[in-house]
Amino acid sequence: MQEDQPILFAVVDPLSCRYANTLSGQFVSGNKVALSAYRPITSTTVDAPTEFAGKDDVLIHMLQQEFIFDDPILRSLVAEANSTFVALQELKKRGSKTEYIKISRTYRSIVRACLEKLQEATVNAEERDDVDAQAKYQQYISIFYSIECVWHLSEILFLDPTPSNAVVPQLLDWIRFHFPAAERMATDLLLLGREASDSDDYWPALKGLIIQGQVDVARALLHLHPQVETAHFKLTDQILKSMPTYTHHGGTSIQKFRSQWQYWLTDTERKVSANILAIEPNLEELIQLVTGDTQIWNTQIQESEYWYEFFPGYLFFTNPACKHFELGNAANTWLSRWARLKGHTSNELQMKHLDRVILNLMENDMHQVIHAIQLMADNQWFVTHLTDLLYNCGQLQIVGENQVNECIKLRDSLLYDFGSSLMSRNALWQLGMDYLDHCGQEGQAALALLLAKIPFRTEKQALKIIAIAQKKRFFEVEQEICKIQSKKSLNEQRYGNALEWAIRSRDTLYVTSIADFLLNHYSKTGDMLCPDAIANIGAKMFISPRLVFLVKYFDFYQFYRKRDFLPAAELLVNLLESKITPEYFWPSLLIDSIPLLESKDPKILSKETCAILHHLETELVPLIDKKKKRLEKYPDEPIGILKDYRIENIEEIINLLRLACARNLSRAIIIENTVMG
Amino acid sequence: MFEVELITADHKDIIHDVAFDYYGRRMATCSSDQTVKVWDEDEKGNWTESSSWKAHSGSIWRISWAHPEFGQVLVTCSFDRTASVWEEVVGEKISSLPTTSRRWVRRMTLADSRTSVTDVKFAPKYLGLLLATASADGIIRIYEAPDIMNLTQWPVLHEIANKLPLSCISWNTSTYMLSSQLLAAGSDETATHTGKVFIFAYSESARKCVKIETVNEITQPVTDLAFAPNPGRTFHMLAVASKDLYIVNIRGVTDASANTKLEIQTTKFSDHNCPVWRVCWNMLATMLISTGDDGCVRIWRKNYTKNWKCAAVIKAEGSYTSYEPSLNSPTMATSAAATAKYYKKGTITNQNQVPWH
């Protein structure tokens, strides 16, 4: 593969060109690049405004590779080709030749349909006087026309080889499709019937048909001539009719065919030299073409525009049994002749990109072909699909016989690049996934990474990505999206949503931090933020002990509000005993017990009252002492539990609690013992 | 072929760092003018400034985004010896405006350094909300926000002192075949000829972060380094900007006694022919950008045989005159002929520019 020089591109940025400055680049997403002026700094750089501060504009250049598939017509091409691609992968490299040819033709018909639509769009643009759109569509047409042309030839040479490896009849088909002028003229003329020969197109059409090897159509056209019964017409017809044809399924051996051909040729040349045809120069020219007369073909070459335009026809009359492996030599010989006659000093000089790709294909140089078709300005659509097709039907082995492994590497890397470039495009990411799905482990990893990076704005979009992540079993992607949604909701003060998304993420730490946030808020303000969401958590609360605490505390809070004091008291005591109370919540929880303890008819039994007292002394009091000590040590530190608390005087609260406990204990003991008694 | 969109950044002095958020839809810039700007990209691909504020009392060297699951959080570091954590908060909805107001609030100033803080980076999200700073006095500090809902507390988790001044720092994004998270730092010290790239990891036995490796092949001053994102690769890649560009491949290997150690292989790329100042990977680590001292940015591509080649050179030009013709009049023929990857300037003659038929 030839070495490419790096591509040069320039941006205008005066600041970057100032003394001591340079240009710096960063990747954005996909292959987008951000460029800006840069001043090298080191750890010893002294801070001072640069000499150009405020003088030159500070610019950022966003550079992006042109992406053609944003156009609706081309987007539908990508979408249609994508389903063909998937169908191809489903054959799992075990398809039959017919199946692969069918796939290839499907791809080509997609391209052809697209070309038609592009043609229409060009016409529409022309009618609207939209010069830009017109130029754009013309550019697309030139790209996809080339693609179709190369694909067609690749199909002939690699996917649909004939049993005898003869290529000429198929090359003729190919050239007819791409240079249809003669055939079109002939069709019109045949419709004219007897008047056809009066048309100016008559002889050019005949010549064109012969050059493309369409002998039968040419004969039909000859029969329309009024002089068809004259000797020279009869002779011409007879020569054409008697021309032996080599068909790969004809059963004739190649040796036998060659001798037949030689005999016919000698005979024809004898007839031509007898000057029977000299009366009608047009006819003579036709027969000279048929016999491969050097002079006449040289004249034709002068009139051709593309090197390969008359090549298949020439082969048809001079080497009709040409095999695939002989094609390269034949093509090169023809090309040298063509270049010489066209007045080019070297073959290379005037070769256009497509010309060269066609030559490489005929030379069977797949390495070079694949390299060349990467440069087709189609964002790698063609090279990816063709390489993949050749790989799937086992024809890519041609690339490097000693390095069989390279084929799959090449094919996988093309799929990887194409898939990831689609996935980093908003509208096409779902199509991109299919390519990454079929290029091994690295493709899967890239898929997971890119899926997580698809920007989503709405909840619906988030759910869509999650559904795909679930299907692909990318648990981490799902978790990440849930957490992002949760954080987003939290920032927007949609707390219920935040809690639900956090639970959905199944990330214990994350759920805990959200539950902490809600509990903290409650202990500071007495306001429960998202009661409906908490009420609906149910069994999902077991994901985090903190969430269990939140739910249970909320139940207590509900009972209490409904003045259902007995179950409330029971729950509160359970919570105190549960060992899942977060440190910061102790004051809140114990203060909640005061009204229950102070109730005239006791809600809490003596044993439970003792428990409350116990927690007061073993949990809250040490906690307060700890805080106090810390406060003495670091007086500037923000005061956590104590000051935030709604009641200023902590000592008073503690005393209040102790008294409430004592009073309730006395009441409870009296009642309990009375009942006992 | 390239499409170019130009943004006038409105900074009063040179930009030191441009950072993009997780999705590449938000951009943060910091400058010698001591301000930070945040830019948002709309659906049509246009960038607009959404916030701008004076963030430090010295040049701001670097800026880094936290993972979005921690919210919209930035960290900056400056010559003023501090690093600051910023969080975007949603204000009250103003009825006259279609969107709610947003503003960036300083949550914390990390003022432990006694010298210029040269680099700051958030850690990969699976470590929690962690960030690392590097200072000119050679100290790396790793801070952690224990409560991700409250970013006002950032205790120092680890402090690693080094003999050489540090210029840059980077977290590895994957722990494949490694016993711990890797952190790399580079020094731009010029006097000694020892290795300038250091690799740190958490040591379970010492219960702290320790230097486990020095890349001895790179002895010239290092100004930037970056671990590559790692989707499914079996080894780790570190790009290093020094006198030349280096790509360091790091492989975790387990020896017979089940100890993991690093196998390091360094490749040098001298295409710039001058010092390289910055490096940046693309999302999948299939491309790399290097910033040279020659006024050129080079884009490197990995081909299918896993070799790195320079694919494009982007050059800054000082005036518009030579620029406009090539931008405004790409004929149909030249644009179709331009290679698929990048648009070429009209003045460059190359065989590929011969038009398609």
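Residues numbered from 1 in each chain as written. Chains lettered and ligands numbered in written order. Predicted model: local features only at pLDDT ≥ 70, side-chain atom pairs only at ≥ 80, totals over all residues. Heavy atoms only, no water.

Going by an unreviewed UniProt entry, chain B carries the name Nucleoporin SEH1 and comes from Ceratitis capitata. Quoted verbatim from the Sequence similarities (unreviewed entry) field of the UniProt record, the comment on chain B reads "Belongs to the WD repeat SEC13 family." (UniProt positions renumbered as here; feature names shortened; annotations may be inferred.)

Looking at an unreviewed UniProt entry, one finds chain A named Nuclear pore complex protein Nup85, with Ceratitis capitata as its source organism. Under the UniProt heading Subunit (unreviewed entry), the entry covering chain A gives this text: "Component of the nuclear pore complex (NPC)."

Undergrad: Just checking my understanding: could you explain the overall build of chain B for this structure?
TA: The secondary structure content of chain B amounts to 2 helices and 25 strands. Put simply, of all contacts in chain B between residues at least 6 apart along the chain, 43% involve residues at least 24 apart. Accessible surface computed for chain B: about 14,100 Å², of which carbon and sulfur atoms make up 51%. (Helix = DSSP H or I, 4+ residues; strand = E, 2+ residues; numbered from the N terminus. Contact = heavy atoms within 4.5 Å. Areas by Shrake-Rupley, 256 points an atom, 1.4 Å probe, with all protein chains shown as cover.)

Undergrad: Could you clarify how one ought to interpret the UniProt feature "repeat: WD" (unreviewed entry) in chain B in this entry?
TA: All names here are of chain B. Following the UniProt record, one finds the feature "repeat: WD" (unreviewed entry) at residues 8-40, 53-96 and 269-300. What you have in residues 8-40 is 0% helix and 58% strand, and the ends, taken at the C-alpha atoms, are 14 Å apart. Secondary structure across residues 269-300 divides into 0% helix and 56% strand, with the first and last C-alpha atoms of the span separated by 10 Å.

Undergrad: Explanation requested: the domain arrangement of chain A in the structure shown.
TA: You'll often see interface size given as the accessible area lost when the parts meet. Residue and element names in this part refer to chain A. Along its sequence, chain A is organised into domain 1 (14-65), domain 2 (70-164 + 368-434), domain 3 (168-322), domain 4 (456-545) and domain 5 (563-677). The distance between the C-alpha centroids of domain 2 and domain 3 comes to 35 Å. Each side of the interface is counted separately: domain 2 has 11 residues, and domain 3 has 7 residues. Overall, the association of domain 2 and domain 3 removes approximately 970 Å² of surface from exposure, summing both partners, and the carbon and sulfur fraction of that is 65%. One can count 0 salt bridges joining domain 2 with domain 3. At the surface where domain 2 touches domain 3, the tally comes to 4 residue pairs in polar contact (both at pLDDT 80 or more). (Domains from an automatic or database assignment. Buried area = accessible area lost by both parts, 1.4 Å probe. Salt bridge = Lys/Arg side-chain N within 4 Å of Asp/Glu carboxyl O. Polar contact = N/O pair within 3.5 Å; in protein donor to acceptor, adjacent residues only side chain to side chain.)

Undergrad: Just to check I follow, could you spell out the pairing of strand E4 (residues 59-65) of chain A for this structure?
TA: Consecutive residues of a regular strand have side chains that alternate between opposite faces of the sheet. Judged by how many residues are buried, E4(A) sits mostly within the fold: 6 of 7 residues are covered. Where strand E3 (residues 33-38) of chain A meets E4(A), 4 bridges bridge the pair, whose relative direction is antiparallel. Residue pairing for E4(A): A:Val33 is matched across the bridge by A:Leu63. Relative to strand E1 (residues 2-8) of chain B, E4(A) is paired through 7 bridges, and the arrangement is antiparallel. Residue pairing across strands places A:Leu59 opposite B:Thr8, the latter belonging to E1(B). (Buried < 20%, exposed > 50% of the residue type's maximum accessible area, 1.4 Å probe, protein only. Pairing = 2+ DSSP bridges.)

Undergrad: What should I look at first to understand the interface of chain A and chain B in this one?
TA: Taken together, the contact pairs 105 residues of chain A with 107 residues of chain B. Taken together, the two surfaces of chain A and chain B that pack against each other cover about 10,000 Å², and 62% of this comes from carbon and sulfur. If you sort the residues of chain A by the area they bury against chain B, A:Ile7, A:Phe9 and A:Phe27 come out on top, with a joint share of 9%. For the pair chain A and chain B, the interface holds 7 salt bridges. Measuring nitrogen to oxygen at the nearest pair gives 3.0 Å for the salt bridge that ties A:Lys483 to B:Glu69.

Undergrad: What am I meant to see in the packing of aromatic side chains here?
TA: Any pair of aromatic rings gets described here by the distance separating the centres and the angle formed by the planes. In total, this model carries 46 aromatic pairs over all chains according to the counting rule given. Note on A:Trp307 and A:Tyr308: the rings are 5.6 Å apart at their centroids and 90° apart in plane angle, and the pair reads as edge-to-face. Both residues of the pair, A:Trp307 and A:Tyr308, count as buried. Centre to centre, the rings of B:Trp61 and B:Phe79 are 6.2 Å apart; their planes meet at 85°, and the pair counts as edge-to-face. Linking B:Trp61 in strand E6 (residues 60-65) with B:Phe79 in the loop between strand E7 (73-78) and strand E8 (83-90), this pair joins segments that are 18 residues apart in sequence. Grouping aromatic residues by their ring pairs yields a cluster made of A:Trp174, A:Phe179, A:Trp297, A:Tyr306, A:Trp307, A:Tyr308, A:Phe311, A:Tyr314, A:Phe316, A:Phe317 and A:Trp334. Above the ring of A:Tyr137, the side-chain terminus of A:Lys136 is found at 4.9 Å from the ring centroid. A cation over a ring is seen here: A:Arg425 above A:Phe67, with NZ or CZ 4.1 Å from the ring centre. (Phe/Tyr/Trp six-rings, centres within 6.5 Å; stacked < 30°, edge-to-face > 60°. Lys NZ or Arg CZ within 6 Å of the ring centre and 35° of its normal.)

Undergrad: When you look at the state of the cysteines in this model, what are you seeing that I'm missing?
TA: Disulfide: a covalent bond connecting the sulfur atoms of a pair of cysteines. Residues and elements named next belong to chain A. Inspection of every chain in the model, using the stated rule, returns 0 disulfides over all chains. Among the cysteines around Cys 114, which has no disulfide bond, Cys 149 carries the closest sulfur, lying 16 Å off. Residue Cys 114 is classed as buried on the basis of its relative accessible area, which comes to 2%. (Disulfide = S-S within 2.5 Å.)

Undergrad: Sorry if this is basic, but what is going on with the side chain of A:Asp71 here?
TA: Residue and element names in this part refer to chain A. Along the polypeptide, Asp 71 turns up in the loop between E4 and helix H2 (72-90). Assessed through its relative accessible area of 6%, Asp 71 is described here as buried. Here Tyr 137 takes part through its side chain, which lies 3.0 Å from a polar atom of the side chain of Asp 71. Not counting residues up to four positions away in its chain, the partners in contact with Asp 71 are Lys 136, Tyr 137 and Tyr 140.

Undergrad: Just checking my understanding: could you explain the confidence of the model for chain B for this structure?
TA: Low-pLDDT portions of the prediction should not be read for the details of their coordinates. Averaged over all residues, the pLDDT of chain B equals 86, while 87% of them reach at least 70. The model gives residues 321-357 of chain B a pLDDT under 50, and that stretch makes 86 contacts with residues more than four places away or in other chains. (pLDDT = per-residue confidence, 0-100.)

Undergrad: Explanation requested: the packing of helix H4 (residues 131-159) of chain A against helix H17 (residues 381-392) of chain A in the structure shown.
TA: Any two packed helices are characterised by the angle at which their axes cross and by the distance between the axes. Residue and element names in this part refer to chain A. With their axes 11 Å apart at the nearest point, H4 and H17 run at an angle of 10° to one another. In terms of orientation, H4 lies roughly parallel with respect to H17. Judged by residue contacts, Phe 144, Ile 147, Val 150, Trp 151, Ser 154, Phe 158 and Leu 159 of H4 engage Trp 381, Phe 382, His 385, Leu 386, Leu 389 and Leu 390 from H17. When grouped by side-chain class, the residues that make up the contact of H4 with H17 number 11 nonpolar, 2 polar and no charged. (Axes fitted to C-alpha atoms, helices over the stretch in contact; angles between N-to-C directions. Parallel < 35°, antiparallel > 145°, perpendicular 65-115°, else oblique. Nonpolar A, V, L, I, M, F, W, Y, C, P; charged D, E, K, R; others polar.)

Undergrad: Sorry, what's going on with helix H28 (residues 586-597) of chain A here?
TA: In an α-helix, one full turn covers 3.6 residues, which means residues spaced three or four apart are oriented alike. In a regular helix each residue adds 1.5 Å, so 12 residues correspond to 16 Å; H28(A) covers 16 Å between its end C-alpha atoms and thus fits that length. With 11 of its 12 residues buried, H28(A) lies for the most part within the structure. (Expected span 1.5 Å × (residues − 1).)

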